[in-house]
Amino acid sequence: MFSTTLLAGLEPYRERIGQAAGFLTVAQYVAGWFICNDIRRRGTTVGVSPVRFIGGCGLSILQLQYSQKLQAPALIWTSIITLTFSILYSLWYCWYTPRSLRSSFYRLTIGTATVTAGLYAYGAQGDSPEVMYRLGMVLTMLALAFIALPLAQLRSIIRAKSSAGLPLPAILASTGATILWLLYGLLINNTFIVVQKIIAMGLCMVQLSLFIIYPAAKADGKGKKQR
């Protein structure tokens, strides 16, 4: 995909590319504020899943551990910031969740914490190639699942023929970050990051194509005409 000459030319800018990728990743997480603001406005979390927030905490912790093993500064500070955002969003979600409905939130939190602790303990065994390989595989699957979360609305999008429910700013930020992290992965010669971001790019393209196939503006126009 990228020639050796091009990568060699970009090598001096490796950390800057990583910083730009980190900035876009953080921007993707900042989009969660819009969800939190909607929750505040409605005064309840009913109808909103906490998976993105709780899952973001677990994923960020594991990514931080993996980044420290790679000794990649751009990945480390990005993981710290995304973990901070995820924790704040989770606390916000819990605050606005009615007490009678908090049991499912607690179950998800405990389950995620248990799995994260188990994986973290395994990763703490050392930096052997076997540990790094397995930890990288797990992180790849979790990261792809996280990126694909908006596709959980695919059925309702097709039914309504509108992409209005998809967070376009977050998806655009994710796409930009994916491209830059792919380049960063090539520069540090990390196979897991490269494979992960190639697949992630495909998922981002699918999500962006939904805005072309089912434009939100067109659907809104039809709704106004019917009124």
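Keep in mind it's a predicted model, so treat the numbers as computed, not measured. (Residues numbered from 1 in each chain as written. Predicted model: local features only at pLDDT ≥ 70, side-chain atom pairs only at ≥ 80, totals over all residues. Heavy atoms only, no water.)

Further remarks concern the overall build of the protein. Check the secondary structure of the protein and you find eleven helices and zero strands. When the helices and strands of the protein are placed in sequence order, the string is α-α-α-α-α-α-α-α-α-α-α. Based on the C-alpha atoms only, the size of the protein along its principal axes is roughly 60 × 40 × 25 Å. In the protein, which comprises 227 residues, the share counted as buried stands at 40%. (Helix = DSSP H or I, 4+ residues; strand = E, 2+ residues; numbered from the N terminus. Buried < 20%, exposed > 50% of the residue type's maximum accessible area, 1.4 Å probe, protein only.)

Here we come to the confidence of the model for the protein. A residue-level look at the protein finds 93% of positions with pLDDT of 70 or above and a mean pLDDT of 84. No element of the protein has a lower mean pLDDT than helix α11 (residues 216-226), at 51, and none a higher one than helix α6 (residues 102-123), at 94. (pLDDT = per-residue confidence, 0-100.)

What follows covers the side chain of arginine 102. Residue position: arginine 102 is located in helix α6. Look at arginine 102: it is buried, it has no salt bridge, and the nearest opposite charge is aspartate 38 at 17 Å. Of the polar contacts made by the side chain of arginine 102, one reaches the backbone oxygen of threonine 97; its length is 2.9 Å. (Lys, Arg positive; Asp, Glu negative; His and termini not counted. Salt bridge = Lys/Arg side-chain N within 4 Å of Asp/Glu carboxyl O. Polar contact = N/O pair within 3.5 Å; in protein donor to acceptor, adjacent residues only side chain to side chain.)

Our focus in this paragraph is the pattern of salt bridges. Scanning the entire structure with this criterion turns up six salt bridges. Ionic pairing is found between arginine 14 and glutamate 15, a salt bridge with its closest N-O pair at 3.6 Å. Given the relative accessible area of 27%, arginine 14 is considered partly exposed. Looking at glutamate 15, the relative accessible area reads 27%, which means it is partly exposed. Notably, a salt bridge pairs aspartate 38 with arginine 41, separated by 2.2 Å at the nearest N-O pair. In this pair, aspartate 38 and arginine 41 both sit in helix α3 (residues 32-42), three residues apart, roughly one turn of the helix. The exposure class of arginine 41 is exposed, given its relative accessible area of 59%. When salt bridges that share partners are traced, they join Glu11, Arg14 and Glu15 into one network.

Counting residues in each nonpolar core, the largest one holds twelve residues, listed as Leu7, Ile17, Ala21, Ala72, Ala74, Leu75, Ala177, Trp181, Leu183, Tyr184, Leu187 and Ile193. For this core, the leading source of residues is helix α9 (residues 168-187), giving five residues. Tryptophan 181 has contacts with Gly18, Ala21, Gly22, Thr25, Ala74, Leu75, Thr78, Ile193 and Lys197, leaving out every residue within four places of it along the chain. (Core = buried A, V, L, I, M, F, W, Y, C linked by side-chain atoms within 4.5 Å. Contact = heavy atoms within 4.5 Å.)

With that settled, the discussion passes to the packing of helix α4 (residues 51-70) against α6. Between α4 and α6, the least distance of the axes is 9 Å, while the angle of their chain directions is 10 degrees. On the basis of their axis angle, the class for α4 and α6 is roughly parallel. Residues Val51, Ile54, Gly58, Ile61, Leu62, Gln65 and Lys69 of α4 touch α6, and the partners they reach there are Phe105, Leu108, Thr109, Thr112, Thr116, Leu119, Tyr120 and Gly123. Across the contact of α4 with α6, the residue classes tally to eight nonpolar, six polar and one charged. (Axes fitted to C-alpha atoms, helices over the stretch in contact; angles between N-to-C directions. Parallel < 35°, antiparallel > 145°, perpendicular 65-115°, else oblique. Nonpolar A, V, L, I, M, F, W, Y, C, P; charged D, E, K, R; others polar.)

The first and last C-alpha atoms of helix α7 (residues 129-147) sit 26 Å apart over 19 residues, in line with the 27 Å expected at 1.5 Å per residue. For α7, the complete set of buried residues consists of Val131, Met132, Leu135, Gly136, Leu139, Thr140, Ala143, Leu144, Phe146 and Ile147. Taken together, the buried residues of α7 touch α2 (14-30), α4, α6, α9 and α10 (191-213). (Expected span 1.5 Å × (residues − 1).)

Turning our attention to a nonpolar patch on the surface. A cluster of nonpolar side chains, Ile87, Leu88 and Leu91, forms an exposed patch at the surface whose accessible area comes to about 280 Å². Along the chain, leucine 88 turns up in helix α5 (residues 73-96). (Patch = residues over 30% accessible without salt bridge, like charges linked within 9 Å, V, L, I, M, F, W, Y side chains within 5 Å. Areas by Shrake-Rupley, 256 points an atom, 1.4 Å probe, with all protein chains shown as cover.)

A complete count under the given rule lists ten aromatic pairs for this structure. The interplanar angle of 75 degrees and the centroid separation of 5.4 Å between the aromatic rings of tryptophan 33 and tryptophan 92 together place this pair among those described as edge-to-face. You can see tryptophan 33 sitting in helix α3 and its partner tryptophan 92 sitting in helix α5, a full 59 residues away along the chain. Centroid distance phenylalanine 53 to tyrosine 89: 5.3 Å. Interplanar angle 45 degrees. Geometry classified as tilted. On the criterion of sequence distance, the pair formed by phenylalanine 53 in helix α4 and tyrosine 89 in helix α5 is long-range, its members being 36 residues apart. For phenylalanine 53, a relative accessible area of 3% translates into the label buried. On the basis of relative accessible area, tyrosine 89 is assigned to the buried category, the value being 7%. Taken together, the ring pairs connect Phe53, Phe85, Tyr89, Tyr93, Phe105 and Tyr106 into an aromatic cluster. In this structure, arginine 52 packs its charged tip against the face of phenylalanine 146, placed 5.2 Å from the ring centre. (Phe/Tyr/Trp six-rings, centres within 6.5 Å; stacked < 30°, edge-to-face > 60°. Lys NZ or Arg CZ within 6 Å of the ring centre and 35° of its normal.)

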